[in-house]
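# Observations on the model geometry
Listed here are the chains, written in short residue letters.
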Amino acid sequence: MENGGNGNGVAAVNYESKATSTITIKGILSLLMQSIDDEKNDAENNKRVISLGMGDPTLYSCFHTTNVSEEAVADTLLSHKFHGYAPTAGLPQTRQEIAEYLSRDLPYQLSSDDVFITCGCTQAIDVSVAMLARPGANILLPRPGFPIYELCAAFRQVEVRHYDLLPEKGWEVDLDAIEALADQNTVALVIINPGNPCGNVYTYDHLEKIAQTAKRIGTIVIADEVYGHLAFGTNPFVPMGVFGFTVPVITLGSLSKRWIVPGWRLGWFVTTDPSATFKKPKVVERIKKYFDLLGGPATFIQAAVPHIINKTEESFFKKTIDNLRLTSDICCKEIEEIPCIFCPHKPEGSMAMMVKLNISLLEDISNDIDFCFKLAKEESVIILPGTAVGLKDWLRITFAADPSALVEGLKRIKAFCQRHARKCLKQY
Amino acid sequence: MEKWKFQGNQGLKSSAVSVRGVFNVLMQSISKEKEVVRLCRVDPTDNPLFSADPVAAHAVSTAAHSGNFNCYPPTFGLPQARRAIAEYLSRDLPNKLSAEDIYVTDGATQAIDIILPVFATPGANILLPRPGYPQYETRAALCGLEVRHFDLLPNSSWEVDIDSLEALADDKTVAMVLISPSNPCGNVFTYQHLKRVAETARKLGIFVISDEVYAHIAFGSNPFVPMGVFSSIAPVITLGSISKRWILPGWRFGWIATCDPHGIFQKTGIAANIESYMEITSDPPTFMQAAIPEILERINDEFYSKNLDITREAANALYERFKEIPSLICPHKPDGAMAVMVQINLSQIEGIADDVDFCVKLAKEESLLILPGVIVGLKNWLRVSFGLERSAIEEGLSRLKAFCLRHAKMSQQISA
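On a predicted model such as this, the values are computed, not experimentally measured, just so you know. Per chain, the residues get numbers from 1 upward, laid out in the order the sequence is written. Note on labels: chains are lettered from A, ligands numbered from 1, in written order. Given that this is a predicted model, residues contribute local features only at a pLDDT of at least 70 and side-chain atom pairs are listed and counted only at 80 or more, while totals for whole chains, interfaces and linings are drawn from all residues. The basis for every side-chain value is the complete set of heavy atoms in the structure, and neither hydrogens nor water enter the calculation.

Put plainly, two cysteines are in a disulfide when a covalent bond ties their sulfur atoms together. Any cysteine sulfur atom paired with another within 2.5 Å is treated as part of a disulfide. Applying the stated rule across the entire model yields zero disulfides over all chains. Lacking any disulfide linkage, Cys 343 of chain A is separated from the closest cysteine sulfur, that of Cys 332 of chain A, by 4.5 Å.

Listed below in structure tokens is the structure:
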């Protein structure tokens, strides 16, 4: 694939192959949007666009952040006290607040030294991959997953090895695959819980098994908890840090999803590691040195975090959960009525779900990408082809939308499927 | 005790120290006996006289309150922000920029973080100024770019040593970096000199990365000239931010601008590389981007010139006071940016080994923080910032003078 680096193995990357071979979610979604625009220009088809493609709930009015956060940020901004540089690891009060916030659900206490503030969870992902990159390293990523991990790994010359999530088992991790894939160069196992794109929320037992497997193969866990606490089904959200005594865990998170402010770019990289593997001076030094190179989020937004975390009302959180439960129910119900789409596991958390496309039931559709492009053109509905997240002939549907838009969108998908159904089956 | 396969990125181990890192070391040496005076960091908010124009905060607050900008921003930036920056930069350029030439970043720090790996093909090298800004060295090391240093000449107003530049370049040289106005030297390059640099770059077949984070912070006789003026001679990538001119470093808003009328960045794939890398990098908050058009358009000349006057006064005061300290030599009166380089005449000092030793002892004895020049590439020099109010500068320089007198070689002391 790529040309190699110099003797130190630091990244020297061939960007052309990267641009064509790695699909980004935003990239595909914008291509889908474009095909709608092109269509609109010449056809009379002027339906309003319904996007069920991106994990950005702010597009819909029923998902809106609390006044508490908006006021907190306005306050810190207009105080004029936070125009200066923040320390590279983050403002002390912000680090302290997040340490306390996360510790509420852990059997040990985090200190502010464990917390590093990042520009959104995206940057936290980039930092964790960059920290671990070394010559010959490989990282275990879930499939389906979140393609930013693949992109970061490619840029840092870390080999990616995919383990499967099992749809028939509630999208649980294939633990045998993990043991088979790991070797002495495996630097981390990434899990995303609550799950994007699958909408799963792992049980305590399953997370424990993951921790034990990681310990057995001698690798740390990167727990992407960007959807932390967004669990609306029967399984409660359990942070991976709970198993920090078993295996060192790096926890990634942000305000983006739980507080519905993805545009604010406030995230964290946290060493949830009571056995202090990451506290060795050399390791801490390296993490700090890396953060010295980064810009970090705006100081005044960092300064607003303690107020945001402390003063957000329970009722706001509950409202979000109720909305997600409602919209995921709607989504599943509507999908039941579409023969060529099958949902193997009702989502219990996050904002998206994976459904399988039965191509054989469709007349002139070759795969999931074809499906999504034709759907966009004909019905002005956007959903993500599963290929973008690693599963061909599946679809990712984001259900964090206004119920009316969701119902309308799914009805159009149903109409589309009926129109394209294989003729001999239309008799049924 | 189990062995975990976590060894961390070796590239970071061998990388150069960072400005903020050394700052931490000095902070640990500092004695609390006196009130600390910081002449080490270029955070303009340290100076209480510098106030950000309230227009900026109001614009951002309005955008935040509207609730329309809580969503993820587009990868390269909100279109209105890109357009506003293009228009703002084009005011001083013969070849107008379009929105597509602008990529919005999390401060100029992130602009550096993005642009260096873009040039990192196997075996490539990049030419950096010495003295310079250490983030470039560190970032280059992390992406496998070999670094070669060309000199800035203290006795020629810190101009680029064009001969050393030419001697260093070979067929693997991809680009050169120029910090203009200069951090740490405090000089503003002339039009003629920048043109010569562009012509040299063209001759060598390399791009110019012009770090213009201190754009328009020029308070002497030389006006600020953006390198983009010469983009038809050699393609230029300009880095900038609102941190210094608008006194808002904590807001983390910057940009990469491709000044390239002949479309060379498109042809060579550089533009595609920048765009690729931006897929995984983060961004400034959407609501801040939304406020940028207003911030760039409405802030008035009075605000700029007031801040420039303050900076000029501080720089002049600093320069005059340096003249009173024989063991410190300031070869060029600062006329731009926010810091100046000063050489330690070690032959006139006793009991101090080098610049780091000087600064540690200074922190201990006088609670005064100055950056040792080794951090920026010049051992036994000092980088002194003047982004402070006059009284702090006077106090700081008094302590510096006392320190130097105390440590002066015996023969000097007697004659003083």
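Now that the structure has been shown, the text picks up again.
Moving on: unusual backbone geometry. Following Asn 196 of chain A, the chain continues to Pro 197 of chain A via a peptide bond in cis, the omega torsion being 10°. Put simply, DSSP marks the helices as runs of H or I at least four residues long and the strands as runs of E at least two long, and each gets a number from the N terminus on. Within the secondary structure layout, Pro 197 of chain A lies in the loop between strand E6 (186-192) and helix H8 (204-217). Residue Pro 131 of chain B follows Arg 130 of chain B across a cis peptide bond; omega there is 5°. Look at Ala 276 of chain A: it is not a glycine, yet its phi comes out positive at around 60°. Structurally, Ala 276 of chain A is set in the loop between strand E9 (267-272) and helix H9 (281-293). Backbone geometry places Trp 158 of chain B, a non-glycine residue, at a positive phi of 60°. Inspection of the secondary structure puts Trp 158 of chain B in the loop between strand E4 (146-153) and strand E5 (159-160).

Take helix H3 (residues 54-66) of chain B next. Each helix should span, by expectation, one fewer than its residue count multiplied by 1.5 Å. For H3 of chain B, with 13 residues, the first-to-last C-alpha span of 18 Å sits near the 18 Å given by 1.5 Å per residue. Looking at the buried residues of H3 of chain B, the elements they touch are helix H3 (67-78) and helix H10 (299-311) of chain A together with helix H11 (286-298) of chain B. Looking one or two residues past H3 of chain B, Gly 67 of chain B carries a phi angle of roughly 70°, positive in sign. Note on definitions: a residue-residue contact is assigned when non-hydrogen atoms from the two residues lie within 4.5 Å.

Next up on the list: the packing of helix H5 (residues 107-119) of chain B against helix H10 (residues 270-278) of chain B. Residues and elements named next belong to chain B. Closest axis-to-axis distance for the H5/H10 pair is 9 Å, and the angle between their directions is 130°. In terms of orientation, H5 and H10 fall into the oblique class. Pair H5 / H10 crosses with right-handed handedness. Within the contact between the two elements, H5 uses Asp 113, Ile 114, Ile 115, Pro 117, Val 118 and Phe 119 and H10 uses Ile 270, Asn 273, Ile 274, Tyr 277 and Met 278. In terms of residue class, the contact of H5 with H10 is made up of nine nonpolar, one polar and one charged. Axis definition: a line fit to C-alpha positions, over the contact stretch in the case of helices; interaxial angles, taken between N-to-C directions, run 0 to 180 degrees. These descriptions rest on fixed angle ranges, namely under 35 degrees for roughly parallel, over 145 for roughly antiparallel, 65 to 115 for roughly perpendicular, and the rest for oblique. Should the near helix be turned anticlockwise from the far one by less than a right angle, the crossing is termed left-handed; should it be turned clockwise, right-handed. Residue classes follow a fixed rule: Ala, Val, Leu, Ile, Met, Phe, Trp, Tyr, Cys and Pro count as nonpolar, while Asp, Glu, Lys and Arg count as charged, and any other residue, Gly among them, counts as polar.

Moving on to the interface of chain B and chain A. Taken together, the contact between chain B and chain A spans 66 residues of the former and 81 residues of the latter. Summed over both partners, buried area is the accessible surface (1.4 Å probe) that two parts give up on being assembled. Where chain B abuts chain A, roughly 6,100 Å² becomes buried across the two surfaces, and 60% of that area is made up of carbon and sulfur atoms. By definition, a salt bridge exists where a carboxyl oxygen of Asp or Glu is found within 4 Å of a side-chain nitrogen of Lys or Arg. Taken together, the links from chain B to chain A amount to one salt bridge. Pairing of N or O atoms within 3.5 Å defines a polar contact, subject to two protein rules: one partner must be a possible hydrogen donor and the other a possible acceptor, and residues neighboring in sequence count only if both atoms are side-chain atoms. Our count for the chain B to chain A interface comes out at 14 residue pairs in polar contact (both at pLDDT 80 or more). If you tally residues by element for the side of chain B that touches chain A, the top one is H3 of chain B, at six residues. For the side of chain B that touches chain A, a count of residues per class yields 28 nonpolar, 24 polar and 14 charged.

Residue and element names in this part refer to chain B. Whether two strands pair depends on DSSP finding at least two bridges between them. With mixed pairing, the eight strands of this open sheet are ordered in space as E2-E9-E8-E7-E6-E3-E4-E5. Here the strands that pair on one side only, and so sit at the sheet edges, are strand E2 (102-105) and E5. With four bridges joining them, strand E7 (residues 207-211) and strand E8 (residues 236-241) adopt parallel strand pairing. Within E8, the position partnered with Ser 210 by the bridge is Thr 238. Relative to E2, helix H4 (residues 79-90) is tilted by about 115°, and along the sheet it contacts E2 and strand E9 (254-259).

Another aspect to go through is the UniProt feature "modified residue: N6-(pyridoxal phosphate)lysine" (unreviewed entry) in chain B. UniProt positions are given in the numbering used here, feature names are shortened, and annotations may be inferred rather than shown by experiment. The feature "modified residue: N6-(pyridoxal phosphate)lysine" (unreviewed entry), as annotated in UniProt, sits at Lys 244 of chain B in this numbering. Inspection of the secondary structure puts Lys 244 of chain B in the loop between E8 and E9. Exposure is judged per residue with a 1.4 Å probe applied to protein chains only, and the accessible area is read against the type maximum: over 50% gives exposed, under 20% gives buried, and values in between give partly exposed. The exposure class of Lys 244 of chain B is buried, given its relative accessible area of 5%. Once residues within four sequence positions are removed from consideration, Lys 244 of chain B is found in contact with Tyr 85 of chain A together with Val 42, Pro 44, Val 213, Tyr 214, Ile 217 and Met 338 of chain B. Here Tyr 85 of chain A takes part through its side chain, which lies 3.1 Å from a polar atom of the side chain of Lys 244 of chain B.

When the parts come together, some accessible area is lost, and that loss is often what is quoted as the size of the interface. Residue and element names in this part refer to chain B. Domain start and end points were adopted from an automatic or database domain assignment. The domain architecture assigned to chain B consists of domain 1 (10-51 + 302-407) and domain 2 (54-298). Summarising the inter-unit geometry, the C-alpha centres of domain 1 and domain 2 are found 26 Å apart. Counting residues at the interface gives 37 residues for domain 1 and 34 residues for domain 2. Where domain 1 abuts domain 2, roughly 2,900 Å² becomes buried across the two surfaces, and 67% of that area is made up of carbon and sulfur atoms. On the domain 1 side of the contact with domain 2, Tyr 304, Asp 335 and Ala 337 bury the most area, a combined 22% of that side's loss. Where domain 1 touches domain 2, the interface holds zero salt bridges. Counting across the domain 1 and domain 2 interface gives eleven residue pairs in polar contact (both at pLDDT 80 or more).

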